[in-house]
Amino acid sequence: MNSRVNRSLLTILAFVHLGFLELNNSQARAQTGAGIQHVQVFQQDGRFAAWPANGGISAWGNEILVGFVEASYAETKSLHTYDPKTARHKYARSLDGGLSWKIEDAYSAGQTARAYDHFIEDDQASTAKPLTVPMNFTHPGFVLSLVRLNNNHDGPSIFYHSNDKGKSWNGPFSFPNLGTPGVATRNDFLIEGDKELMAFLTVAKNNQREGRVANVRTTDGGLTWKMLGWIGPEPEGFDIMPATERISANEILTIFRTRQGNNLDLMTAHLSKDNGLSWTRIHDPVADTGHGGSPPALVRLRDGRLALGYAYRSQYGSRLCVRFSSNDGKAWSNEIPLRQGDGANRDIGYPTMVQRPDGKLVIVYYWNNALQPGAKPYRYIAATILDPDPWK
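Residues numbered from 1 in each chain as written. Predicted model: local features only at pLDDT ≥ 70, side-chain atom pairs only at ≥ 80, totals over all residues. Heavy atoms only, no water.

Colleague: Can you help me understand the sheet that holds strand β20 (residues 280–286) in this one?
Modeller: Ordered in space as β17-β18-β19-β20, the four strands form an open sheet in which the pairing is antiparallel. The sheet terminates laterally at β17 (238–246) and β20, the two strands that pair on one side only. If you compare each strand with its neighbour and ignore which way they point, the axes differ by 30° on average. Inspection of the sheet shows strand β19 (residues 265–272) paired to β20 by four bridges, in the antiparallel sense. From the neighbouring strand, methionine 267 faces β20, where its bridge partner is valine 286. (Pairing = 2+ DSSP bridges. Helix = DSSP H or I, 4+ residues; strand = E, 2+ residues; numbered from the N terminus. Axes fitted to C-alpha atoms, helices over the stretch in contact; angles between N-to-C directions.)

Written as structure tokens, this is what we have:
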């Protein structure tokens, strides 16, 4: 990495406590320090909100759309403090580059199939059908949403698509298992043409447990899909939730959330030099992502670098981090903590990320302050806006 800047000083400044934000008529007020802004996207007392990486993110200039789950808060014996029978898919939309947000209901916009963390009564739920009219992946308002139906292991999966930036959705449509033990995917894909798209799927292992990663392609707008192959051997633990960027005309980099058999959580990277037909594991970008691990948020910046956002999860205090690579993922910078020390237990993270027209990164994730004495226990959706230039 270029060392022309004093990264030590910048990192110390980034640790400055930025406080917390209150929503005012659904408008989030951002606080600023060291080129970093923290914004509350959605917080409501008595509600649980989580998992933006599952919902996916899209951007059109300064308009950003990100999915998440909202439910009733409930004290439970598990890590996640919510009542699954109240869970619904939601979207947050920003028109000003992530400074303020409005919340939209996925069911009202057309996502009407009952799915994992999208509880809909049977008499109000739709059934997925095969797609009969091809999608146009290069339509200026196109959005694709891949959804798991029953669980994180063997799914199965369905999808919706939109041509108006997610204001309304077409579907639900069935997604094939393609001869695998079952697809329980989130959203990771590369658009390659108006009818051509490569998707990177989280798929069950042979024992029906999550998971491993496969890449598939459609060349007819989603009417049919072809299995290209597995990325890496079947792991003892899991490889799930890939984040992928194209490096060149023939090179593709994908990064996994990985759990080894000894329960070590980390991130692993795989490189294809033949446009997705074969893969080689390369240097691990993050050797330890804490207790529970983190999915990656990967963006290729307009200056050519790669930005990798992730969470380190700990019951003693979690943190949101970023690393940069200036050589296409062959090596990564040291970890740069963006948020820590504000009482977040390990029920946090699942970041997703985009770059704004002005070059700043917007990282959306879920957070809490439950470890602080007297703090509210509710999980909420937050965003951190970061200028990547000081870390060149």
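Colleague: Explanation requested: the packing of aromatic side chains in the structure shown.
Modeller: For the structure on display, the rule yields 14 aromatic pairs. Measuring from ring centre to ring centre gives 6.3 Å for phenylalanine 159 and phenylalanine 175, while their planes differ by 85°; the resulting arrangement is edge-to-face. On the criterion of sequence distance, the pair formed by phenylalanine 159 in strand β11 (residues 157–162) and phenylalanine 175 in the loop between β12 (170–174) and β13 (189–191) is long-range, its members being 16 residues apart. A single burial state applies to phenylalanine 159 and to phenylalanine 175, both of which are buried. When the ring centre of tryptophan 230 is taken as reference, the NZ or CZ atom of arginine 212 above it lies at 4.0 Å. The lysine or arginine in question, arginine 305, covers the ring of phenylalanine 324, its NZ or CZ lying 4.9 Å from the ring centre. (Phe/Tyr/Trp six-rings, centres within 6.5 Å; stacked < 30°, edge-to-face > 60°. Buried < 20%, exposed > 50% of the residue type's maximum accessible area, 1.4 Å probe, protein only. Lys NZ or Arg CZ within 6 Å of the ring centre and 35° of its normal.)

Colleague: I would appreciate a short explanation of the environment of tyrosine 316 in the present structure.
Modeller: When you line up the elements, tyrosine 316 lands in the loop between β22 (306–312) and β23 (319–325). Note: C-alpha distance between tyrosine 316 and glycine 343 (27 residues apart in sequence) is 8.3 Å. Reaching out from tyrosine 316, the side chain makes a polar contact with the side chain of glutamine 315 at a distance of 3.5 Å. (Polar contact = N/O pair within 3.5 Å; in protein donor to acceptor, adjacent residues only side chain to side chain.)

Colleague: Is there a simple way to explain the nonpolar core in this structure?
Modeller: Soluble globular proteins tend to pack their nonpolar side chains together in the buried interior. Core analysis: the largest hydrophobic core is formed by 29 residues, its most contacted members being Trp51, Trp101, Val362, Val364, Ile381 and Ala383. At the level of secondary structure, the elements contributing two or more residues to this core comprise β4 (36–42), β5 (47–50), β7 (63–72), β17, β25 (349–355), β26 (361–367) and β27 (380–386). Among the elements that line this core, the one with the most residues is β7, at five residues. The residues contacting alanine 383, other than those within four sequence positions of it, are Gln37, His38, Val39, Val41, Trp101, Val362, Ile363, Val364 and Tyr365. Val299, Leu301, Phe324 and Leu338 belong to the second largest nonpolar core, which has 22 residues in total. (Core = buried A, V, L, I, M, F, W, Y, C linked by side-chain atoms within 4.5 Å. Contact = heavy atoms within 4.5 Å.)

Colleague: Got a minute to help me understand the pairing of β26 in this structure?
Modeller: Moving residue by residue along a regular strand, the side chains alternate between the two faces of the sheet. Within β26, seven of the seven residues are buried, leaving the element largely enclosed by the surrounding structure. Neither face of β26 is exposed, since Leu361, Ile363, Tyr365 and Trp367 on one face and Val362, Val364 and Tyr366 on the opposite face are all buried. Relative to β26, β25 runs antiparallel, the two being bridged by five bridges. Bridging from a neighbouring strand, threonine 352 pairs with valine 364 of β26. Linking β25 back to β26 in an antiparallel pair, the connection comprises five residues, with glycine 359 at a positive phi of about 95°. Bridge analysis of β26 against β27 gives seven bridges, and the strand direction is antiparallel. Looking at β27, one finds that tyrosine 366 is bridged to isoleucine 381.

Colleague: Sorry, what's going on with the sheet that holds strand β24 (residues 336–339) here?
Modeller: Paired through backbone hydrogen bonds, the strands of a sheet run either parallel or antiparallel to each other. Reading across from one edge, β21-β22-β23-β24 is the order of the four strands in this open sheet, with antiparallel pairing throughout. In this open sheet, the two strands that pair with only one neighbour each are β21 (297–300) and β24. Mean inter-strand twist for the sheet, computed between neighbouring axes without regard to direction, equals 25°. The pairing of β22 with β23 spans seven bridges and is classified as antiparallel. Opposite leucine 308, over in β23, you have arginine 323 as the bridge partner.

Colleague: Sorry if this is basic, but what is going on with unusual backbone geometry here?
Modeller: Apart from glycine, the bulk of residues carry a negative phi angle, and the bulk of peptide bonds sit in the trans form. Here the amide bond leading from glycine 171 into proline 172 is cis, since omega sits at 10°, within 30 degrees of zero. A cis amide bond links glutamate 210 with the next residue in sequence, glycine 211, at an omega value of -25°. By the element assignment, glycine 211 lies in strand β15 (residues 210–218). Non-glycine residue aspartate 117 carries a positive phi angle of around 60°. Within the secondary structure, aspartate 117 is located in the loop between β9 (102–105) and β10 (143–148). Exposure remark for aspartate 117: the relative accessible area of 9% places this residue in the buried category. Phi at asparagine 263 is positive, roughly 70°, even though this residue is not glycine. As for its placement among the helices and strands, asparagine 263 is situated in the loop between β18 (252–259) and β19. A residue is classified by how much of its surface remains accessible, and asparagine 263, at 57% relative accessible area, is exposed.

Colleague: Can you walk me through the pairing of β15 in this structure?
Modeller: Among the nine residues of β15, nine are classified as buried, and the element is accordingly described as predominantly covered. Examined bridge by bridge, strand β14 (residues 197–204) and β15 share eight bridges and lie antiparallel to one another. Across the sheet, the residue bridging to phenylalanine 200 is asparagine 215, located in β15. Remark: five residues form the turn of the hairpin made by β14 and β15, two consecutive strands paired antiparallel; glutamine 208 in that turn has positive phi of roughly 70°.

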